[in-house]
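# Residue-level structure breakdown
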Amino acid sequence: MSDVVLSYGDALLRKAEIELLSGNGWLNDQIIGFAFEYIQNVACKDLSEQVVLIGPEVTQFVKLVSKDEISSILGSMNLQDKDLIIFALNSMQDADRAGGSHWSLLVYSKWKNKWLHFDSCKGYNHVEANSLAAKVSTCLNSPSSKVPPLVNVDCLQQKNGYDCGCFLIQHAQHIVQLYSQNRTFEEIPKLKEDTVKGFRKEFLNLISSLK
């Protein structure tokens with residue numbers, strides 16, 4: 001019997017992913033990838049020309065290849081035309097393995113011409129964020145030839161070693177919602193702790209509703 005719980009677009013969630021969400025499991029690439037695809041299809045339904053979410057697999061690939069190869073990977077996405085580019089960033093440095101130890105969210109805002117890094121364990125993915133921003137910036141029509149500055153956004157911090165994926169998904173939802181309301185990002189309010197605490201249950205309910 002198949003252990004597939006949900007097939008959604010290019011994403012497959014199995015019983016193993018449900019178990020991770022049901023307990024205190026570290027969210028894997030499959031869960032993050034599904035979340036990004038869902039946000040792109042639903043929250044960004046009317047924003048597809050302005051906003052793109054780039055999931056874990058492509059982000060990891062871009063992070064580990066040379067700058068010369070970036071355009072062949074991202075060229076078809078027309079990133080230079082996007083207002084908002086959202087990456088699921090992982091700390092993994094091994095090109096042959098999935099997973100890692102920490103997730104964070106890296107966002108390029110064309111309006112601000114800045115990279116915004118949302119790290120729920122401040123500083124953990126700073127090196128990875130800078131490296132990815134420098135590579136992807138070669139595909140952007142930035143007002144200057146320099147890499148746009150990277151800002152480590154003051155955001156809610158996790159209090160355990162396993163909820164970084166929950167923070168990543170919620171930060172992605174949060175930034176898309178803010179963009180739909182005010183594209184200037186003059187203020188980026190922090191997530192509320194109660195919202196993060198209830199995330200796993202709400203996410204499981206979402207998965208159940210999509211079966």
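Everything here concerns the structure above.
Overview of the structure. Remember, predicted model here, so these are calculated numbers, not experimental data.

## Focus on the overall build of the chain
The helix and strand inventory of the chain stands at eight helices and seven strands. At 16 Å, the chain has a C-alpha radius of gyration in line with the 17 Å of a compact globule built from 211 residues. Overall, the C-alpha framework of the chain stretches about 55 × 35 × 35 Å when taken along its three principal axes. Each of the 211 residues in the chain was classed as buried or not, and the buried ones make up 49%. Excluding contacts between residues fewer than 6 apart, the proportion of contacts in the chain whose partners are at least 24 apart in sequence is 66%. Of the roughly 10,600 Å² that the chain leaves accessible, carbon and sulfur atoms contribute 48%. In the chain, 21 side chains carry a positive charge and 24 a negative one; their mean positions are 5 Å apart.

## Some details on the environment of His171
Locating His171 in the fold gives a position in helix α6 (residues 164-181). For His171, a relative accessible area of 2% puts it in the buried group. Separated by 19 residues in sequence, His171 and Lys190 place their C-alpha atoms 9.0 Å apart. Non-local contacts of His171, meaning those with residues more than four positions away in its chain, are made with Leu105, Phe118, Cys155, Leu156 and Leu191.

## Some details on unusual backbone geometry
Even without being a glycine, Asn78 presents a positive backbone phi close to 50°. Among the secondary structure elements, Asn78 is positioned in the loop between α4 (70-74) and β4 (84-90). Its relative accessible area of 36% is what places Asn78 among the partly exposed residues. Positive phi, normally seen in glycine, also occurs at Asn113, with a value near 50°. Residue position: Asn113 is located in the loop between β5 (103-109) and β6 (114-118).

## Observations regarding the packing of aromatic side chains
In the structure shown here, the tally under the stated rule is nine aromatic pairs. For the pair Trp26 and Trp103, a centre-to-centre distance of 5.5 Å together with 15° between the ring planes defines the contact as stacked. Of the two residues, Trp26 is situated in the loop between α1 (15-22) and α2 (29-41) and Trp103 in strand β5; the sequence distance between them amounts to 77 residues. With a centroid separation of 5.2 Å and 50° between ring planes, the pair formed by Tyr108 and Trp115 is classed as tilted. Look at Trp115 and you get buried, because its relative accessible area is 0%. Every member of this aromatic cluster is reached through a ring pair, and the members are Tyr8, Phe34, Tyr38, Phe199 and Phe203.

## Topic: the state of the cysteines
Considering all chains together, one arrives at zero disulfides under this definition. For Cys44, which is in no disulfide, the shortest distance to another cysteine sulfur is to Cys155 and amounts to 19 Å. Of the cysteine sulfurs around Cys121, a residue in no disulfide, the closest is that of Cys164, at 8.5 Å. Here Cys121 falls in the partly exposed class, since its relative accessible area comes to 31%.

Cut-offs and rules
Residues numbered from 1 in each chain as written. Predicted model: local features only at pLDDT ≥ 70, side-chain atom pairs only at ≥ 80, totals over all residues. Heavy atoms only, no water. Helix = DSSP H or I, 4+ residues; strand = E, 2+ residues; numbered from the N terminus. Rg over C-alpha atoms; globule rule 2.2 N^0.38 Å. Buried < 20%, exposed > 50% of the residue type's maximum accessible area, 1.4 Å probe, protein only. Contact = heavy atoms within 4.5 Å. Areas by Shrake-Rupley, 256 points an atom, 1.4 Å probe, with all protein chains shown as cover. Lys, Arg positive; Asp, Glu negative; His and termini not counted. Charge placed at Lys NZ, Arg CZ, Asp CG, Glu CD. Phe/Tyr/Trp six-rings, centres within 6.5 Å; stacked < 30°, edge-to-face > 60°. Disulfide = S-S within 2.5 Å.

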